[in-house]
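Each chain is listed here by its residues.
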Amino acid sequence: NGARIGLIDSGVETGHPALAGVRIEQRAFAGRAVAPALHGTAVASLMSGVSTIYAADVYCGAATGGSATALARAFAWMAQERVAVVNVSLVGPPNQALQAIVAGMTSRGILIVAAVGNDGPAAAPLYPASYPGVVGVTAVNARGRVLVEAARGPQVDFAAPGADMEAASPG
């Protein structure tokens, strides 16, 4: 049935024209209904060549979303759906439970790709990008230059476009 990619982020506007023809399975993991938002919709549009996107909204429109509990539930869903790759578009402090979940996912052969954060070059490593086996990604502009706010350090495995690009936005 093609590629099955996970997205842990904010909600996705599934009816956006940029996502026409893309199968999106979406669930809420922050105690509320899915709330389509800019970041989740934009990232999903950049993944639009994929057959199926499993989008986990760990914010549901709440400023306090993105908890370790929401992440744990989202990762469990990704494992249940047998996704091959999970993109995690958020960062946070280390958490033992989350570290164990990430280790379990990677030991099953699931590739986790995670943002390293936007707290600048002197920022401490953030998670889940800094856990062993996770591919940490920092951001560059259209000229290939690392963004001023982008994290740097040994947790960075790749640099990918994070600015100066076209992506869908809700509405």
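The rules behind these values
Residues numbered from 1 in each chain as written. Predicted model: local features only at pLDDT ≥ 70, side-chain atom pairs only at ≥ 80, totals over all residues. Heavy atoms only, no water. Buried < 20%, exposed > 50% of the residue type's maximum accessible area, 1.4 Å probe, protein only. Helix = DSSP H or I, 4+ residues; strand = E, 2+ residues; numbered from the N terminus. Pairing = 2+ DSSP bridges. Salt bridge = Lys/Arg side-chain N within 4 Å of Asp/Glu carboxyl O. Polar contact = N/O pair within 3.5 Å; in protein donor to acceptor, adjacent residues only side chain to side chain. Contact = heavy atoms within 4.5 Å. Axes fitted to C-alpha atoms, helices over the stretch in contact; angles between N-to-C directions.

K.L.:
Explain the pairing of strand 6 (residues 135-140) to me, please; I cannot follow it from the model alone.
P.N.:
Put simply, side chains in a regular strand alternate between the two faces of the sheet. Within strand 6, six of the six residues are buried, which leaves the element mostly enclosed by the surrounding structure. Of the two faces of strand 6, the one lined by Val135, Val137 and Ala139 and the one lined by Gly136, Thr138 and Val140 are each fully buried. Relative to strand 6, strand 5 (residues 111-115) runs parallel, the two sharing three bridges. Across the sheet, alanine 115 pairs through a bridge with valine 137, a residue of strand 6. Of the strand pairs in this sheet, strand 6 and strand 7 (residues 158-161) are connected by four bridges, and their pairing is parallel. By the bridge assignment for strand 7, threonine 138 is matched with alanine 159.

K.L.:
It is not clear to me how the pattern of salt bridges should be interpreted in this structure. Could you clarify?
P.N.:
Any two side chains of opposite charge can pair if their charged atoms end up close together. Per the stated rule, a full pass over the model turns up two salt bridges. A salt bridge links glutamate 81 to arginine 4; the nearest nitrogen and oxygen atoms lie 3.6 Å apart. Taken together, the residues glutamate 81 in the loop between helix 2 (68-80) and strand 4 (85-88) and arginine 4 in strand 1 (residues 4-9) connect sequence positions 77 residues apart.

K.L.:
What am I meant to see in the side chain of threonine 138 here?
P.N.:
With respect to the helices and strands, threonine 138 occurs in strand 6. With relative accessibility at 8%, the residue threonine 138 sits in the buried group. Within the structure, the side chain of threonine 138 is placed 2.7 Å from the backbone oxygen of alanine 151, a separation counted as a polar contact. When neighbours within four sequence positions are excluded, threonine 138 is seen to be in contact with Val116, Val146, Ala150, Ala151, Val156, Phe158, Ala159 and Ala160.

K.L.:
Would you mind going over the sheet that holds strand 2 (residues 23-28) with me for this structure?
P.N.:
Remark on secondary structure: sheet strands pair via backbone hydrogen bonds, oriented parallel or antiparallel. With parallel pairing, the seven strands of this open sheet are ordered in space as 2-3-1-4-5-6-7. This sheet does not close on itself; its edge strands, each paired only once, are strand 2 and strand 7. Taking each pair of neighbouring strands and ignoring which way they run, the sheet shows an average axis angle of 25 degrees. Sheet analysis places strand 2 next to strand 3 (residues 52-57), joined by six bridges and oriented parallel. Residue pairing in the sheet places arginine 27 in a bridge with alanine 56 of strand 3.

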